Structures are given as structure tokens and as C-alpha cells.
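# Per-entry structural report
Each chain, written out:
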Amino acid sequence: MKPGRLALLIALPLAAGAVVKADEAAIPGVRDAYQARTDYQLKCQGCHRPDGSGDDHSNPPMKGIVARFLSVPGGREFIGRVPGVATVDLPDDRLANLVNWTIYKFDPAHLPQDFRPYTAEEIGRLRQNPLRLERAATRARLVAGFAKTHSEQ
């Protein structure tokens, strides 16, 4: 291989990585979008699907809906307490990174203007009390509150 081609093959991925790094800084609360995307692929997409569409039965969709929880009382806490979040084998800082990335990735249209990104400390606190059998009923109650909250906007 010619030396010039080798340099180009090395430089292109590095340049692409630089672009990704610049984009990462644009997402509040996401310190590493690549890690968040990888964690989503490994820990979440098997149930919620690559595009966040879920199946609307046992693995609810996130696409177009997850940020709506932030607008109803108890919704922010719900996100940090659902079983898939609360019990995943990730440290709190990576989980906060993943949750924030997921919200921006799958439902930026419903993100409240005053959204404060989750912190590792908040995620750590929330996941100490995971939802279990009450998860479905809690979700249904919160989703019922969407209509009132979002019809007023």
C-alpha cells in the first residue's frame, strides 16, 4: 500500500471521531454519546428495539414518548425506577449518561424547556427503589396524565 493511502486510512476515522466528539458536547448531560449508544445497544435495544419503538406490551416504546414522562408529576422518578433502568448492570454515571442520551435521541420534541439532565447521584438514589409489580399501573397512570399536560401546551 502506498504511504499516502495508509495516512488517509488512518486520518479518516480520526476525523470522523472528532466530528462525533464535537456533537457529543451538544447534548446536555451526555458526556460520551458513543458510550451511551453502545450501552443502549448492549443493554436496551434487545427489548426496546434499535429505534426505540418497543412492542407496546412488555417493552414499551421510548420513541416519541419518553420525554413526556418529564412533564407529569412522578414521571421523572419513574424513568429512573423502571426495572430496565434501575437494575441494569451499569454504574450510576454511565447510566445517567445513557438515560439522558435516550431522552434526547428518542423524544427531543417533548423535552421540557426546563429539563435538567439526570445526574449520577439522582440515578443512584432512584434506582435504590425499583418499580416491580407496580410498574405497569404506574406507567398507565402517568401516560393518562399526558393528555391533560400536553393539551394545555
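This is a predicted model, so every value here is computed, not measured.

### Considerations on the nonpolar core
By size, the foremost hydrophobic cluster in this structure holds 32 residues, and its most contacted members are I79, L95, V99, W101, I103 and Y118. Here the element with the most residues in this core is helix α6 (residues 92-106); it accounts for 7 residues. Residue contacts for I79: discarding those within four places in its chain leaves V66, F69, L70, V85, V99, I103 and Y118.

### What to know about the environment of I123
In this fold, I123 is placed in helix α7 (residues 120-126). C-alpha of I123 to C-alpha of R94: the two residues are 29 residues apart in sequence and 9.8 Å apart in space. Once residues within four sequence positions are removed from consideration, I123 is found in contact with D92, L95, A96, V99 and Y118.

### A short note on the confidence of the model for the chain
Of the residues in the chain, 80% reach a pLDDT of 70 or more, and the chain-wide mean stands at 85. Across the chain, α7 holds the top mean pLDDT of 98, while helix α1 (residues 3-24) sits lowest at 45. Confidence drops under pLDDT 50 across residues 6-25; counting only partners more than four residues distant or on other chains, this segment forms 8 contacts.

### Some remarks on the packing of aromatic side chains
For the coordinates displayed, the defined rule picks out 7 aromatic pairs. Pairing F69 with F146 gives two aromatic rings, centres 5.0 Å apart and planes at 80°, and the pair type is edge-to-face. With F69 in the loop between α3 (45-48) and α4 (75-81) and F146 in helix α8 (residues 135-151), this pair connects stretches of sequence that are 77 residues apart. Their ring planes at 70° and their centres at 5.8 Å tell us that Y104 and F115 sit as a pair that is edge-to-face. Note that Y104 is positioned in helix α6 and F115 in the loop between α6 and α7, a separation of 11 residues in sequence. Classification of F115 as buried rests on a relative accessible area of 13%. An aromatic cluster is defined as three or more aromatic residues linked by ring pairs; in this entry it consists of Y40, W101 and F106. When the ring centre of Y118 is taken as reference, the NZ or CZ atom of R76 above it lies at 4.2 Å.

Reading guide: rules and limits
Residues numbered from 1 in each chain as written. Predicted model: local features only at pLDDT ≥ 70, side-chain atom pairs only at ≥ 80, totals over all residues. Heavy atoms only, no water. Core = buried A, V, L, I, M, F, W, Y, C linked by side-chain atoms within 4.5 Å. Buried < 20%, exposed > 50% of the residue type's maximum accessible area, 1.4 Å probe, protein only. Helix = DSSP H or I, 4+ residues; strand = E, 2+ residues; numbered from the N terminus. Contact = heavy atoms within 4.5 Å. pLDDT = per-residue confidence, 0-100. Phe/Tyr/Trp six-rings, centres within 6.5 Å; stacked < 30°, edge-to-face > 60°. Lys NZ or Arg CZ within 6 Å of the ring centre and 35° of its normal.

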